[in-house]
Amino acid sequence: MRSSVGLVSVTQHCYCLRELYVKDIGLAGHSSTLASLAEALKHCRQLEIFCLQQKYFNFSPHFADGLSTCTNLKFCRLNLVDGRVESQSVLRVLENCTCLMGFALFSGMKKAAGKRLMKCARSMCGDKVLLYFEVEDLKQFQDTERWSLTKIFLMTGTWII
C-alpha cells in the first residue's frame, strides 16, 4: 500500500488489528501523510505492536494524539529518518499508553535533547517501560542493563538497527 489515505480505510475495517508495520507510506515529509497516519491510528484501539519507518516524519502533537489512542500498545518502534521529535509528544504517548513495555525511537535528535527526554521518560515510566533512544551522533541512551537480545529483537522487528 503506497497511500496513507488507504491506510485509514484499512484500519476502519480492521478495528481489531493487533500489529501494524508501516514503512515509507505516502509522500515523505508531507503533512497529509502525518494526518492520515494519525487518523488511522485512532481506529486501532486493540493495537499492541506498532513499527514505523518513515523519512522526514515529525513526531508532533497531532501524531501523538493518534498514537495515544492505542491504549493497549505494548511495543512501539519508530525509525524517523531525518525527522523531528517533539519531546512533549513522546512523553504524552508514554503517559497515555499504560500497557507499554518497550519504546524505541531512532531519529536525528540532538544528544542533549535525547538525554533530557530519557531523563523525563524514565522519571515518568519508572522501570515498567524499556526505553531506547538513538540520537544524531549515534550514541544510544538506553537501559543497558535491562536490554536482552530477545527484547531488542522484539523491538526491531525485521529492520536492522
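The preceding data block contains the structure.
All figures in this text were calculated on a predicted structure; none of them were measured in a lab.

### Digging into the overall build of the chain
Step number 1: Tallying secondary structure elements over the chain gives 6 helices and 8 strands in all.
Step number 2: Going residue by residue from the N terminus, the α and β elements of the chain occur as α-β-α-β-β-α-β-β-α-β-α-β-β-α.
Step number 3: Of all 161 residues assigned to the chain, the portion counted as buried reaches 46%.
Step number 4: Taking as baseline every contact in the chain between residues at least 6 positions apart, the subset at least 24 positions apart corresponds to 74%.
Step number 5: Total accessible area computed for the chain in this model is approximately 8,300 Å², and 55% of it derives from carbon and sulfur atoms.

### Some points on unusual backbone geometry
Step number 1: Despite not being glycine, Tyr56 has its phi angle at roughly 55 degrees, a positive value.
Step number 2: With respect to the element layout, Tyr56 can be found in the loop between strand 2 (49–55) and strand 3 (58–59).

### Some remarks on the environment of Leu37
Step number 1: Locating Leu37 in the fold gives a position in helix 2 (residues 31–41).
Step number 2: With relative accessibility at 0%, the residue Leu37 sits in the buried group.
Step number 3: When the C-alpha positions of Leu37 and Phe63 are compared, they lie 7.4 Å apart, and in sequence the two are 26 residues distant.
Step number 4: In contact with Leu37, not counting residues within four places along its chain, are Leu7, Phe50, Leu52, Phe57 and Phe63.

### Considering the pairing of strand 1 (residues 19–23)
Step number 1: Every second residue of strand 1 is oriented toward a common face, the buried set being Leu20 and Val22 and the non-buried set Glu19, Tyr21 and Lys23.
Step number 2: Across 5 bridges, the pairing between strand 1 and strand 2 is parallel. Counted as the bridge partner of Leu20 is Phe50 from strand 2.

### A few points about the state of the cysteines
Step number 1: Using the criterion set out here, one finds 0 disulfides in the structure.
Step number 2: Not engaged in a disulfide, the cysteine Cys16 finds its nearest cysteine sulfur in Cys14; these two sulfurs lie 9.0 Å apart.

Calculation notes
- Along every chain, residues carry numbers that run from 1 in the direction the sequence is written.
- Per-residue local features are limited, in this predicted model, to residues with pLDDT of at least 70; the limit for side-chain atom pairs, both in listing and counting, is 80 or more; totals at the level of whole chains, interfaces and linings are taken over all residues.
- To get the side-chain values, all heavy atoms of the structure are used, and hydrogens and water are removed first.
- The secondary structure listing takes helices from DSSP runs of H or I that are at least 4 residues long and strands from runs of E that are at least 2 residues long, numbered from the N terminus.
- The classification of residues rests on relative accessible area computed with a 1.4 Å probe and restricted to protein chains. Under 20% of the type maximum is buried, over 50% is exposed, and intermediate values are partly exposed.
- Contacts are assigned to residue pairs that have any heavy atoms within 4.5 Å of one another.
- Surface accessibility follows the Shrake-Rupley procedure with a 1.4 Å probe radius. Residue values consider only the protein chains on display as shielding.
- One requirement defines pairing of two strands: DSSP has to find at least two bridges between them.
- Working definition: a disulfide is two cysteine sulfur atoms within 2.5 Å of each other.

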